[in-house]
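# Examining the three-dimensional arrangement
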Amino acid sequence: MEKPKILIVDDDPDLRRALKIRLRANHYDTVQASDGYSAISVAQKESPNLIILDLGLPAGDGYVVLERLQNSDSLSSIPVIVLTARDPQSNEQKTLQAGATAFFQKPADNNELLDVIRATLPNAWPGTAMPS
Amino acid sequence: MNNGHTHVLLIEDNPGDADLVRLRLVEGDSAVNVNCVNRLSDGLASMAKEPPSVVLLDLNLPDSHGADTFRRVLDRAPGVPVVILSGQDDEALAMKALHQGVQDYLVKGDITSNQLERVMRYAIERQALIRTLEMSRKQQLEFKNQFLSHVSHELRTPLTCIHQFVTILLDGLAGEVNPEQRYHLDTVLTSVHQLRAMIRDLLEATRAESGKIRIEPRCITIGDLVQQAISMMSQTAKEKRVGLEVGLDARIQLVYADPDRILQVLINLIDNGIKFTPPDGSIMVKACIVEADPNMVYLSVADTGRGIGPEAKALIFERLYQDPNSIDNSRSGLGLGLFIAKELVELHGGRIWVASEVGNGSTFSFTLPIYSLAKLLSPVIVYEGHLRDAIVLVKVELTPLPSASRGVWKEVCQRSLERLRRCVYLDKDVVLPITGNAGVGETFLVAASTDMERAEIMMKRIREQLEAGAGFKSTGSLKVSASAVQLPSAQDGTPMKDLVQAVAERITEMGTLALASKPVPENANGHASAGEYQAGNEIKSN
């Protein structure tokens, strides 16, 4: 059965690599984008099941990406988890209002992040509901 | 001040004095405009229309006397320099005025034009200096806040990377780890957590200083919170062989506080206690009521450590204070923990202090307000000295779907509460504090001074607002209902306090029943009809 695909959007290549290792170990496929512009094009090409989005990005920050996703018929239904170093007090509400499903401040607890990913993904992958 | 003229507002009711001052003004400086009024209210109105360069103020006017006069002028236009025209016999009052922000005073009767001119010019200059200083202080504070928030953001990025790869190694995702390697990696991870806590404290302290910390008080059982803090710290205590004990006063009722923030304070105090207590010592966490202060709960964390000297005691709640004689000064923190704790406690309306003697341990104590529904309700249910005609208790129940994640659901509840607060009239309705810790299903109660007919409109508004923006789509369901609160018949002579108490008790009873009856899960007939209520009836417990 096909694995759920997660798009990781972050300008830090090391962090993308780390998330990729973590997510693959939990039976998710990953694709990546390093800026706001390519985030949209990769999302269109790859149709991910979920997006993990940084806020501080070159070529259109996380808020621009959220807005573009919301305004796109094909992409607006993809759940977005924001993972950012920015302050939750001034960004959490704002990102959720802009359409994000959840907000995590870096460094986030791996188990909490995975819990939310599991809960957020549509239950189309019964085999992956509880990764080993 | 425009076109080089000095605009003088002269507030003086004695025509003779006014004329004399006016004469002296004209004698001295030709570029002076004088506007003379004889009542304070006229003076304040003129200041509101166009701020003068300087105010010359007599303190005894037909509509205001003494200290009140200059206080009202300073309140209205804090940036305008004020010079008092005092009588021979009230120089003492004029001196007092100087301490409260008045620039200078002149004694009527022996004012020369030179003196008047100089006093006014200096007053204007000094006021301008104060303004500049104040502005530069604000800019500096703002700059410091921006700098700190920028730095802590930049520090988080590499820290995240370290955290990620250490946990990847520890979880064996990059191959097997032998016990010695695991031991070293655990040390790295502990340091990562320390660094993360320091960055968090740095931001918190900055926020505290600029008044940007938010608290979300609810009614909480303080005992549960103490237990939670104890269980979170028990591992740390065990590792250092320090005992952790609890003493809870059974009489404690609900407390009105933000559970996350108070947990933060308790953990900070317990953590400090463990840090400064040698192995085989112990820590006692207590919550109790003090007869002399029945509106507060007293919480304390006592350790058997080496105690604090008087100099340290005076400074311990200051920002960046670190004990120079600490035996355990290994990367313990930034010295912000107690400063933040103090800010948090004070935001709740409590106070925090320490009692200690060198060699005899320390006891940190703080107070929190006891929750009183009557106090909270009184402005809403009493109007112009009478009970309102009708009061309705509106119940908003949020029930999560089993698939909803805890984090997302917490957000939905939070957003719902914020939207709910915007649905009510501030002066007529009150959203009651939520009882207990954020749990699975959330029930919000609104005491509204309205009748059932208008409650229906209110419920419609609440439903629309919450459904529109709180994010229920895939996370849970919403039910809104209402019931009338039976009001005590206001017999003559019953003190208002007792009536309010009776209503508060009634609402508590209704609210408790509402909270006790579990939200009905969706059944085969679809949603439990949102907005159902029985007009005029009371909620019946199941």
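Thresholds, definitions, all that
- Along each chain, numbering runs from 1 in the same order as the chain's sequence is written.
- Numbering of ligands from 1 and lettering of chains from A proceed in the order in which they are written.
- Since the coordinates come from a predicted model, pLDDT governs what is reported: local features require at least 70, and pairs of side-chain atoms require 80 or more to be given and counted, while whole-chain, interface and lining totals use all residues.
- The basis for every side-chain value is the complete set of heavy atoms in the structure, and neither hydrogens nor water enter the calculation.
- Here a strand is any run of E in DSSP of at least two residues, a helix any run of H or I of at least four, and the numbering for each starts at the N terminus.
- Each residue is placed in one exposure class: buried if its accessible area under a 1.4 Å probe, protein chains only, is under 20% of its type's maximum, exposed if it is over 50%, and partly exposed if it falls in between.
- It only takes one pair of heavy atoms within 4.5 Å for two residues to be counted as in contact.
- Areas reported here follow the Shrake-Rupley algorithm with a probe of radius 1.4 Å; residue values treat only the protein chains shown as occluding.
- By the convention used here, strands pair only if DSSP detects at least 2 bridges between them.
- Angles run from 0 to 180 degrees between N-to-C directions of axes, and those axes are lines fitted to C-alpha atoms, restricted for helices to the stretch in contact.
- Definition of nonpolar core: a set of buried residues of the types Ala, Val, Leu, Ile, Met, Phe, Trp, Tyr and Cys, connected through side-chain atoms within 4.5 Å.
- Buried area is a sum: the accessible area each of two parts loses on coming together, probed at 1.4 Å, counted once for each and added.
- The salt bridge criterion pairs a side-chain nitrogen of Lys or Arg with a carboxyl oxygen of Asp or Glu, the two atoms within 4 Å.
- Any N or O atom pair separated by 3.5 Å or less is treated as a polar contact, with the protein-specific requirement of one donor-capable and one acceptor-capable atom, and with residues adjacent in sequence counted only for side-chain atom pairs.
- Residue classes follow a fixed rule: Ala, Val, Leu, Ile, Met, Phe, Trp, Tyr, Cys and Pro count as nonpolar, while Asp, Glu, Lys and Arg count as charged, and any other residue, Gly among them, counts as polar.
- For every residue, the predictor reports its confidence as pLDDT, a number between 0 and 100.
- Relative orientations are named as follows: roughly parallel for angles under 35 degrees, roughly antiparallel for angles over 145 degrees, roughly perpendicular for angles from 65 to 115 degrees, and oblique for any other angle.
- Crossing handedness follows the turn of the near helix against the far one: under a right angle anticlockwise gives a left-handed crossing, and clockwise gives a right-handed one.
- One fewer than the residue count of a helix, multiplied by 1.5 Å, yields its expected span.

## Re the overall build of chain A
Scanning chain A for helices and strands turns up five helices and five strands. For chain A, the α and β elements follow one another from N to C terminus as β-α-β-α-β-α-β-α-β-α. For chain A, buried positions account for 53% of its 132 residues. Counting only contacts in chain A whose residues sit at least 6 apart along the sequence, the fraction spanning at least 24 positions is 62%. When the accessible surface of chain A is summed, it comes to about 5,800 Å², and 47% of that surface belongs to carbon and sulfur atoms.

## What to know about the sheet that holds strand S16 (residues 429-431) of chain B
Residues and elements named next belong to chain B. One open sheet holds the four strands; their spatial order is S16-S17-S15-S18, and the pairing between them is antiparallel. The sheet terminates laterally at S16 and strand S18 (476-485), the two strands that pair on one side only. Neighbour-to-neighbour, the strand axes of this sheet turn through a mean angle of 15°, independent of strand direction. As judged from the three bridges shared by S16 and strand S17 (residues 442-448), these two strands associate in the antiparallel manner. What sits directly across from Val430, in S17, is Ala447. Contacts from helix H11 (residues 373-381) reach strand S15 (391-400), S16 and S17 within the one sheet, and its direction differs from that of S16 by about 150°.

## Description of the nonpolar core
Residue and element names in this part refer to chain B. Counting 47 residues, the largest nonpolar core has Ile222, Leu299 and Phe366 as its most contacted members. When neighbours within four sequence positions are excluded, Ile222 is seen to be in contact with Ile252, Val255, Ile262, Ala287, Leu299 and Leu368. The next biggest cluster of nonpolar side chains, apart from the first, holds 25 residues, and it includes Val392, Trp409, Ile462 and Val480.

## Focus: the interface of chain A and chain B
Taken together, the contact pairs 25 residues of chain A with 25 residues of chain B. Counting each side, the surface lost to burial between chain A and chain B is near 2,400 Å², with a carbon and sulfur contribution of 55%. Of all residues in chain A, the largest losses of buried area upon contact with chain B belong to Arg22(A), Gln89(A) and Pro107(A), amounting jointly to 27% of the total for that side. For the pair chain A and chain B, the number of links is one salt bridge. A salt bridge links Asp171(B) to Arg22(A); the nearest nitrogen and oxygen atoms lie 2.6 Å apart. Linking chain A with chain B are six residue pairs in polar contact (both at pLDDT 80 or more), by the criterion used here. Elements that contribute at least two residues to the side of chain A that touches chain B include exactly helix H1 (13-25), helix H4 (88-97), strand S5 (102-105) and helix H5 (110-120) of chain A. The element best represented in the side of chain A that touches chain B is H1(A), accounting for eight residues. Along the lines of polarity and charge, the residues of the side of chain A that touches chain B split into twelve nonpolar, five polar and eight charged.

## Thoughts on the sheet that holds strand S3 (residues 50-53) of chain A
All names here are of chain A. Read from one edge to the other, the open sheet built from five strands follows the order S2-S1-S3-S4-S5, with strand pairing classed as parallel. Among the strands making up the open sheet, the edge pair consists of strand S2 (29-33) and S5. The average undirected angle you get between the axes of adjacent strands in this sheet is 20°. In terms of strand pairing, S3 meets strand S4 (residues 80-84) through three bridges, oriented parallel. Across the sheet, the residue bridging to Ile52 is Ile81, located in S4.

## Topic: the side chain of Ser152(B)
Residue position: Ser152(B) is located in helix H5 (residues 113-170). Here Ser152(B) is in contact with Ile199(B) and Leu203(B), once residues within four sequence places are set aside.

## Observations concerning the confidence of the model for chain A
Residues and elements named next belong to chain A. For chain A, the average pLDDT comes to 87, and 91% of its residues sit at 70 or higher. Within chain A, S3 carries the highest mean pLDDT (96), whereas H4 carries the lowest (84). For the stretch residues 124-132, pLDDT sits under 50, and the model shows 16 contacts to residues farther than four places along the chain or on other chains.

## Digging into helix H10 (residues 337-347) of chain B
Residue and element names in this part refer to chain B. Gly337, Leu338, Phe339, Ile340, Ala341, Leu344 and Val345 are the residues of H10 that are buried. Taken together, the buried residues of H10 touch helix H6 (179-209), helix H8 (259-275), strand S11 (352-356) and strand S12 (362-369). One or two steps after H10, the chain reaches Gly349, where phi turns positive at roughly 85°.

## Considerations on the environment of Lys313(B)
Residue and element names in this part refer to chain B. Inspection of the secondary structure puts Lys313 in helix H9 (residues 310-315). Separated by 42 residues in the primary sequence, Lys313 and Ala355 have C-alpha atoms spaced 8.2 Å apart. Non-local contacts of Lys313, meaning those with residues more than four positions away in its chain, are made with Ile308, Val354 and Ser356.

## Examining the packing of H6(B) against H10(B)
Residue and element names in this part refer to chain B. For the pair H6 and H10, interaxial distance at closest approach is 10 Å and the crossing angle is 40°. Considering the angle they form, H6 stands oblique to H10. Between H6 and H10 lies a crossing whose hand is left-handed. Together, Asp201, Glu204, Ala205 and Ala208 of H6 and Gly337, Phe339, Ile340 and Glu343 of H10 make up the contact between the two elements.

## What to know about H8(B)
All names here are of chain B. With 17 residues, H8 should reach 24 Å at 1.5 Å per residue; the first-to-last C-alpha distance of 24 Å fits that figure. Of all 17 residues in H8, 13 are buried, a share of seventy percent or more. You can read the cap of H8 off the contacts: a side-chain oxygen lies 3.1 Å from the backbone nitrogen of Asp260, and it is on Asp258.

## Some details on the confidence of the model for chain B
Residues and elements named next belong to chain B. Averaged over all residues, the pLDDT of chain B is 81; the fraction at 70 or higher stands at 88%. Low pLDDT (under 50) marks residues 517-542, which in the prediction has 35 contacts with non-local residues, meaning those over four places away or in another chain. Reported for the predicted complex are a pTM of 0.61 and an ipTM of 0.86.

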